[in-house]
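Structural description and commentary
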Amino acid sequence: MSSDEPGTTPFHSAQASFSKFQRQYQQTLDRWTPHVLQRWLATLCLLALFMLRIVLSQGWYIVCYGLAIYLLNLLLAFLQPKFDPSLEDDLLADEIEEGGDQSVPVLPSQRDDEFRPFVRRLPEWQFWLSATRATVVSLFCTVSEVFDVPVYWPILVVYFCVLFALTMRRQIQHMIKYKYIPFDIGRKARYGGSK
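Residues numbered from 1 in each chain as written. Predicted model: local features only at pLDDT ≥ 70, side-chain atom pairs only at ≥ 80, totals over all residues. Heavy atoms only, no water.

Looking now at the overall build of the protein chain. Across its full length, the protein chain carries six helices and zero strands. Shown N-terminal to C-terminal, the secondary structure of the protein chain runs as helices and strands in the order α-α-α-α-α-α. The buried share among the 195 residues of the protein chain stands at 24%. Taking as baseline every contact in the protein chain between residues at least 6 positions apart, the subset at least 24 positions apart corresponds to 87%. On the protein chain, roughly 15300 Å² of surface is accessible, and the fraction owed to carbon and sulfur atoms is 64%. (Helix = DSSP H or I, 4+ residues; strand = E, 2+ residues; numbered from the N terminus. Buried < 20%, exposed > 50% of the residue type's maximum accessible area, 1.4 Å probe, protein only. Contact = heavy atoms within 4.5 Å. Areas by Shrake-Rupley, 256 points an atom, 1.4 Å probe, with all protein chains shown as cover.)

A word on the nonpolar core. Phe50 and Leu74 are the most contacted members of the largest nonpolar core, which totals 22 residues. Listed by contribution, the elements that provide at least two residues to this core are helix H2 (36–57), helix H3 (61–79), helix H5 (124–141) and helix H6 (153–178). With nine residues, H3 is the single largest residue contributor to this core. In this structure phenylalanine 50 touches Val63, Cys64, Leu67, Thr135, Ser138, Leu139 and Thr142, once residues within four positions along its chain are discounted. (Core = buried A, V, L, I, M, F, W, Y, C linked by side-chain atoms within 4.5 Å.)

Between its first and last C-alpha, H3 extends 27 Å over 19 residues, near the 27 Å set by a 1.5 Å rise per residue. All of the buried residues along H3 are Val63, Cys64, Tyr65, Leu67, Leu71, Leu72, Leu74, Leu76, Ala77, Phe78 and Leu79. Looking at the buried residues of H3, the elements they touch are H2, H5 and H6. (Expected span 1.5 Å × (residues − 1).)

This brings us to the environment of phenylalanine 160. The topology assignment puts phenylalanine 160 in helix H6. Residues phenylalanine 160 and glycine 66, spaced 94 residues apart in sequence, show a C-alpha to C-alpha distance of 10.0 Å.

This paragraph deals with a nonpolar patch on the surface. Taken together, the side chains of Leu49, Leu52, Val55 and Leu56 define a hydrophobic patch exposed on the protein surface, amounting to about 410 Å² of accessible area. The residue leucine 49 is located in helix H2 in this model. (Patch = residues over 30% accessible without salt bridge, like charges linked within 9 Å, V, L, I, M, F, W, Y side chains within 5 Å. Salt bridge = Lys/Arg side-chain N within 4 Å of Asp/Glu carboxyl O.)

For side chains of opposite charge, pairing can occur when their charged atoms come near one another. Under the defined criterion, the tally for this structure stands at one salt bridge. Taking the shortest distance from any N to any O, the salt bridge between arginine 39 and glutamate 124 comes out at 3.1 Å. Residue arginine 39 is located in helix H2, and its partner glutamate 124 is located in helix H5; the two are separated by 85 residues in the primary sequence. For arginine 39, a relative accessible area of 4% corresponds to the buried category. What makes glutamate 124 partly exposed here is its relative accessible area of 22%.

Right, let's talk about the packing of H3 against H5 for a bit. Relative orientation of the contacting elements H3 and H5 amounts to 175 degrees, with a least axis distance of 10 Å. Taken together, the axes of H3 and H5 are roughly antiparallel relative to one another. Here Val63, Leu67, Tyr70, Leu71, Leu74, Leu75 and Phe78 of H3 come into contact with H5, specifically with Glu124, Phe127, Ser130, Ala131, Ala134, Thr135, Ser138 and Cys141. Looking at the contact of H3 with H5, its residues break down into 11 nonpolar, three polar and one charged. (Axes fitted to C-alpha atoms, helices over the stretch in contact; angles between N-to-C directions. Parallel < 35°, antiparallel > 145°, perpendicular 65-115°, else oblique. Nonpolar A, V, L, I, M, F, W, Y, C, P; charged D, E, K, R; others polar.)

Pairs of aromatic rings are described using the distance from one ring centre to the other and the angle between the two planes. Enumeration over the complete set of coordinates arrives at eight aromatic pairs. Measuring from centroid to centroid gives 5.1 Å for tryptophan 125 and tryptophan 128, while their planes differ by 40 degrees, and the two rings are tilted. One end of the pair, tryptophan 125, and the other, tryptophan 128, are both in helix H5, three residues apart, so they sit about a helical turn from each other. This pair shows no difference in class: tryptophan 125 is buried, exactly as tryptophan 128 is. Pairwise contacts between aromatic rings join Trp32, Trp125 and Trp128 into one cluster. (Phe/Tyr/Trp six-rings, centres within 6.5 Å; stacked < 30°, edge-to-face > 60°.)

Written as C-alpha cells, this is what we have:
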C-alpha cells in the first residue's frame, strides 16, 4: 500500500467522519420536520430547563438576557412578511420624487385587487431550529463561570419588558396599517372531500 492513497491521511479520515456526522444530523432534522407540535414542545422543555438552571443557580443573567433578545428578534422576523409593504411604498415614493421613468406603465395601487398570500421573512422551520440551537448554546454557556457576569438582573428584566412592549406595539401597528395577519385563523379549506 502506498502512502499516496487519498483515504489514508488523518485529515481525510477526519473529513470523512465529519461528513458522516453531517449526514446523520441532516437525516435527524429531516425526520423531525413534519412533527411541528413535538418539536416546539421539546424546545419549550429546553427553555424551561434553561430557566430552571438560571433560577436555581441565581446567575448567568446576562446569558438569559442575550437569549431573550435573540428570541425576540426571531419572533419579529417570524411575524413580518418577506416582502414588506412599507418598503415597497417607500421605494415607490422615492421613485416618484426623483421623477421616475414615465414610459413604464404603473400597476394598480389597490392592494385589495388581487390575493397575495402571506410569506414569512423567517419560516417556521428556521425559527424553530434557530431558537433550539440558541437555547442549547445558552445551556452550555451556563456551565462556564466565564459567562456568569455579575449584573443587577431587575434592570435587565424591566428593559426587556419595555423593549418587548414597544417592538410588539410597532409590529401590531404595522399589521393593522398594511392589513395582514401572520397566522391562519378560521376554517381550513378542504378540497376533493365530502362537504
